[in-house]
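Close look at the chain arrangement
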Amino acid sequence: MQIAARGTGSAINDAYRFSGGFEFALSDTLRLNVDGTYWQSNRDFYAPGIVGSRLQAALNGLGGPDCDGVTPGGNGCQWFNPFTNAGQGHGTFNISNPFYRPGAENSEELVAWLQVPNGTREQESQFVFDVVLAGETGITFSGGPLAFAVGGQFRDNRYTSDPYNEESNLDVNPCFIEGDLSCVGTTTEGVGPFIFLGGSRPVSLQQDVYALFAELNAPITDRLELSAAIRFEDYGSPIGSTVNPKGSLRFEVTDWLTLRGSVGTTFRGPLASNVSPNFVTALEGFTAAGGNYKSKDIYGNPTDLGPETAFTYNIGAIISAPVGGGDVTFSVDYWSIDLEDRITITPGNAIASVVGNGQTNGQAPVDCSSPLVNLITFSNNQCVQGTTLGIDISRVRTDFVNGPDVKIAGLDFALNASFPLSDTAELSFGANAVWNLDYSFDDFIVQGVNVQPAYDAVGFGNYFRDPNTVPEWRANAFVNLGFGDFNARYAIQHIDGVTDDRCINRDPCFSTAGGVGTNFGVESGSYTQHDFAVTYDLELAGAEVQLQAAVENFTDAAPAEAQLPLGFNPFIGNAIGRNYRLGLRTRF
């Protein structure tokens, strides 16, 4: 096992993919396609973590790999010095430590013994086999022949995950103390020996999915086209099977106006990793712990996680007409998605807030009698009413479940226009916009407790709840001038600002380390970015060469403010600032 330098982590990823197929012409109007794809990805990763029982032993003078466990500071045993006089300073920034005392250092051997790599070795693969028969039925409408396609698909999904070492293997070390098994069968089984990071158990999962489908396309007239499809998928036990139909219509009312629409249902089964009996550990700044980052354990659900389904429809119109010697096309579409039994994880931040009595600073007592207290692990592995505080939350358990229903709706707009200026020059411009009208979630119930009342996510940051940031408007536009081999393009994108949902009915919403109230980031502000790019094509020594230059975000706009560790919302804006780019592309 190759280990990087102490205090560092590692992630090694590799993947490959093979795909191929055959097409057989059975007649002039009938084709059979047989295709197959196989891909595999591998990931080895770990992060250094402190084993709690080793740290306690070292604080007692019984640390180090050669310690006999009997004589503090002797017979190979070492003391761990946790104080500031143990370090010479910050080598990266060349900052000296005025409190450093020579001889008080912790040995590299001791630190390496305390700090153990914790991670997994994962492999995921999928084989997909498709057979499709497509052609004409022999029935002809005034708009053309009735076409069909029928086929089947087989998908084989495999996933394995193995702990990086024995220390991170919860089958070997399920309890707080390394090597101890006394917690097995109790609520603390699976916490593992690491102070901060969680462990994992070996897991090997395999899932086969079978599907059959049929499609019809009927050009009733030159202006009216109908299509219909149906798909059957079987995920096996315990997920089950589903049948999902879909229909669509396209009607050219006039030469310049086209109406379109579709309606159908969709189905998404859980991934193999969603139903794994294992769990992974993430980090989250829990509000009840004063925003401090704690461990969040995400457990798979091998018992009752079912599929999610959706009813979808959209209606729209396209206007296309010649204007002033050019062509202009405008479209608008209304779309709606009704999700049921959505596959998600229970909201860790909301669970912690329920147990923490809604506190935000981490310094108030928690409710040790809460029906959700079994989902929280506290410091010292105990919750004492009136004594245990929000900051004592150590980790929160979450699980994959079929969550509350969701209603999503919005409008899409698109505009494209082009105008020839001469035989070699053309001016074009366009714009796209999304107007989010609805993103509503029903109540989220966990163990009979409403941990997250129903809400509409539109216009909010949603930093610790699904689906994350949803501005009401997003839009982008461009103007492009092509003149021979030269091309210049100006682009602009705009994202609406959002409100921090944590700050509803709270003023001030946050407090600084010094206890001063602040509303920084409550209203993020919108973001608008301007870009300009030019290209020039030429032939050089038989090669096609394109020279490129661009200034992105040339107004140096700052991203939207947010009360997050980096101080900005990564979904609204670009933290890089003004960016210059030069490029060269060649093709031989």
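Residues numbered from 1 in each chain as written. Predicted model: local features only at pLDDT ≥ 70, side-chain atom pairs only at ≥ 80, totals over all residues. Heavy atoms only, no water.

Turning our eyes to something else, we now look at the confidence of the model for the protein. Residues with a pLDDT of 70 or more make up 98% of the protein, whose mean pLDDT is 92. The secondary structure element of the protein with the lowest average pLDDT is strand β25 (residues 510-511), at 79, and the one with the highest is strand β24 (residues 486-495), at 98. Scored below 50 in pLDDT, residues 1-5 makes eight contacts in the model with residues more than four places away or belonging to other chains. (pLDDT = per-residue confidence, 0-100. Helix = DSSP H or I, 4+ residues; strand = E, 2+ residues; numbered from the N terminus. Contact = heavy atoms within 4.5 Å.)

Together, Glu 340, Asp 341, Asp 405, Asp 442 and Asp 443 give the surface a local cluster of negative charge. By the element assignment, Asp 341 lies in the loop between β14 (326-340) and β15 (343-345). Judged by its relative accessible area of 38%, Asp 341 falls in the partly exposed class. (Patch = residues over 30% accessible without salt bridge, like charges linked within 9 Å, V, L, I, M, F, W, Y side chains within 5 Å. Areas by Shrake-Rupley, 256 points an atom, 1.4 Å probe, with all protein chains shown as cover. Salt bridge = Lys/Arg side-chain N within 4 Å of Asp/Glu carboxyl O. Lys, Arg positive; Asp, Glu negative; His and termini not counted. Charge placed at Lys NZ, Arg CZ, Asp CG, Glu CD. Buried < 20%, exposed > 50% of the residue type's maximum accessible area, 1.4 Å probe, protein only.)

Working definition of a disulfide: a covalent bond connecting the sulfur atoms of two cysteines. If you walk through the whole model with that rule in mind, you get four disulfides. Here Cys 67 is linked by a disulfide to Cys 77, with a sulfur-sulfur distance of 1.9 Å. Because the sign of the S-S torsion sets the handedness, a value of about 80 degrees for the bond joining Cys 67 and Cys 77 places this disulfide among the right-handed ones. With Cys 67 in the loop between α1 (52-59) and β3 (89-90) and Cys 77 in the loop between α1 and β3, this residue pair connects regions lying 10 residues apart in the sequence. Here Cys 503 is linked by a disulfide to Cys 509, with a sulfur-sulfur distance of 1.9 Å. With the S-S dihedral at roughly -80 degrees, the linkage between Cys 503 and Cys 509 falls on the left-handed side. On the accessibility criterion, Cys 503 (8% relative accessible area) is buried. On the accessibility criterion, Cys 509 (4% relative accessible area) is buried. Each bonded cysteine of the protein is numbered by sequence order, and under that numbering the disulfide pairs are 1-2, 3-4, 5-6, 7-8. (Disulfide = S-S within 2.5 Å.)

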